[in-house]
Amino acid sequence: GTFQNETGQESCKPARKGHYVVSEGAETDTNTTCAPGQYQNETGQTSCKDCSAGTFQNETGQESCKPASEGHHVDDRDRTTEQGCTPGKFQNETGQSSCKNCSAGTFQNETGQESCKPARKGHYVDISSATIDPKCDAGQYQDQTEQTSCKNCSAGTFQNETGEESCKPASE
C-alpha cells in the first residue's frame, strides 16, 4: 500500500487513489494502476476493487466506476464496458445490471433504447419482449395503439387487407 521514490526518507508514501502497491520496497505506484473494470477510491491500498453490477470502468487508474447509461446495462460478465439493451428490451434508469422486457402492447426493434414503442393502429403485440408489432389479419382491425389483440369486423362489415384501422361496409 506504500512506496518511496526518494532516497533518505523516514517514511513511505501511500499509493494514490486509482493505484495500489503490493510488494514491500516499492519505488513507485505508477506501474500498479487499477485495470479497466476496477477502481480504488482510497490511498495506501494493496489492491483494487471491482466495479459493482450496473457500473463499469473502461480506463485504467480510476477512483470510481461509471453507472450504466439509460438504454444500457452492465452485468457480471464484463465490467469494462456497458452493453446496449437488446431488441425487445429497454432500460429507463442509469446504473442497472439488466434490462427490462417490453410489455405486451409494446415492442422495441432497436438496441440500446430507453423505452418501448406502442403497437401502432392496425397492429398488435400479444407477448412481452416483442421486437415487432404484427399487422392485424384480414377480417380484423385495430383502431387504437398499444393493443394486445385485434378486433373482428362486425356483421355487415369486412376487411380484405392486413394492418387496417377499420372495417369496410359490406356492399348490398
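Residues numbered from 1 in each chain as written. Predicted model: local features only at pLDDT ≥ 70, side-chain atom pairs only at ≥ 80, totals over all residues. Heavy atoms only, no water.

## What to know about the environment of Thr111
Turning to step 1, where the next piece is worked out: Checked against the element boundaries, Thr111 lands in the loop between β11 (106-107) and β12 (117-118).
Turning to step 2, where the next piece is worked out: When the C-alpha atoms of Thr111 and Thr32 are compared, they prove to be 36 Å apart, with 79 residues separating the residues in sequence.
Turning to step 3, where the next piece is worked out: Ignoring anything within four residues of it in the chain, the contact list for Thr111 reads Gly84, Cys85 and Pro87. (Helix = DSSP H or I, 4+ residues; strand = E, 2+ residues; numbered from the N terminus. Contact = heavy atoms within 4.5 Å.)

## What to know about the state of the cysteines
Turning to step 1, where the next piece is worked out: Summed over all chains, the structure comprises 6 disulfides.
Turning to step 2, where the next piece is worked out: Between Cys102 and Cys116 runs a disulfide, and the two sulfur atoms are separated by 1.9 Å. With the S-S bond torsion at -85 degrees, the cross-link from Cys102 to Cys116 turns out left-handed. Here Cys102 is found in the loop between β10 (100-101) and β11, whereas its partner Cys116 is found in the loop between β11 and β12, with 14 residues between them in sequence. The same class applies to Cys102 as to Cys116, namely buried. (Disulfide = S-S within 2.5 Å. Buried < 20%, exposed > 50% of the residue type's maximum accessible area, 1.4 Å probe, protein only.)

## Observations regarding the pattern of salt bridges
Turning to step 1, where the next piece is worked out: Taken as a whole and judged by the stated rule, the model has 8 salt bridges.
Turning to step 2, where the next piece is worked out: Lys66 serves as the salt-bridge partner of Glu59, at 3.3 Å between the closest nitrogen and oxygen.
Turning to step 3, where the next piece is worked out: For Glu59, a relative accessible area of 39% gives the class partly exposed.
Turning to step 4, where the next piece is worked out: Note that Asp143 and Lys151 form a salt bridge whose closest N and O atoms lie 2.8 Å from each other. (Salt bridge = Lys/Arg side-chain N within 4 Å of Asp/Glu carboxyl O.)

## Re unusual backbone geometry
Apart from glycine, the bulk of residues carry a negative phi angle, and the bulk of peptide bonds sit in the trans form.
Turning to step 1, where the next piece is worked out: Backbone geometry places Ser129, a non-glycine residue, at a positive phi of 65 degrees.
Turning to step 2, where the next piece is worked out: Locating Ser129 in the fold gives a position in the loop between β12 and β13 (140-141).
Turning to step 3, where the next piece is worked out: Looking at Ser129, the relative accessible area reads 27%, which means it is partly exposed.

## A short note on the side chain of Gln108
Turning to step 1, where the next piece is worked out: Along the polypeptide, Gln108 turns up in the loop between β11 and β12.
Turning to step 2, where the next piece is worked out: Of the polar contacts made by the side chain of Gln108, one reaches the backbone nitrogen of Glu110; its length is 3.0 Å.
Turning to step 3, where the next piece is worked out: Setting aside anything within four residues of it in sequence, one finds Gln108 in contact with Pro87, Gly88, Lys89, Cys102, Gln113, Ser115, Cys116, Lys117, Ala130 and Thr131. (Polar contact = N/O pair within 3.5 Å; in protein donor to acceptor, adjacent residues only side chain to side chain.)

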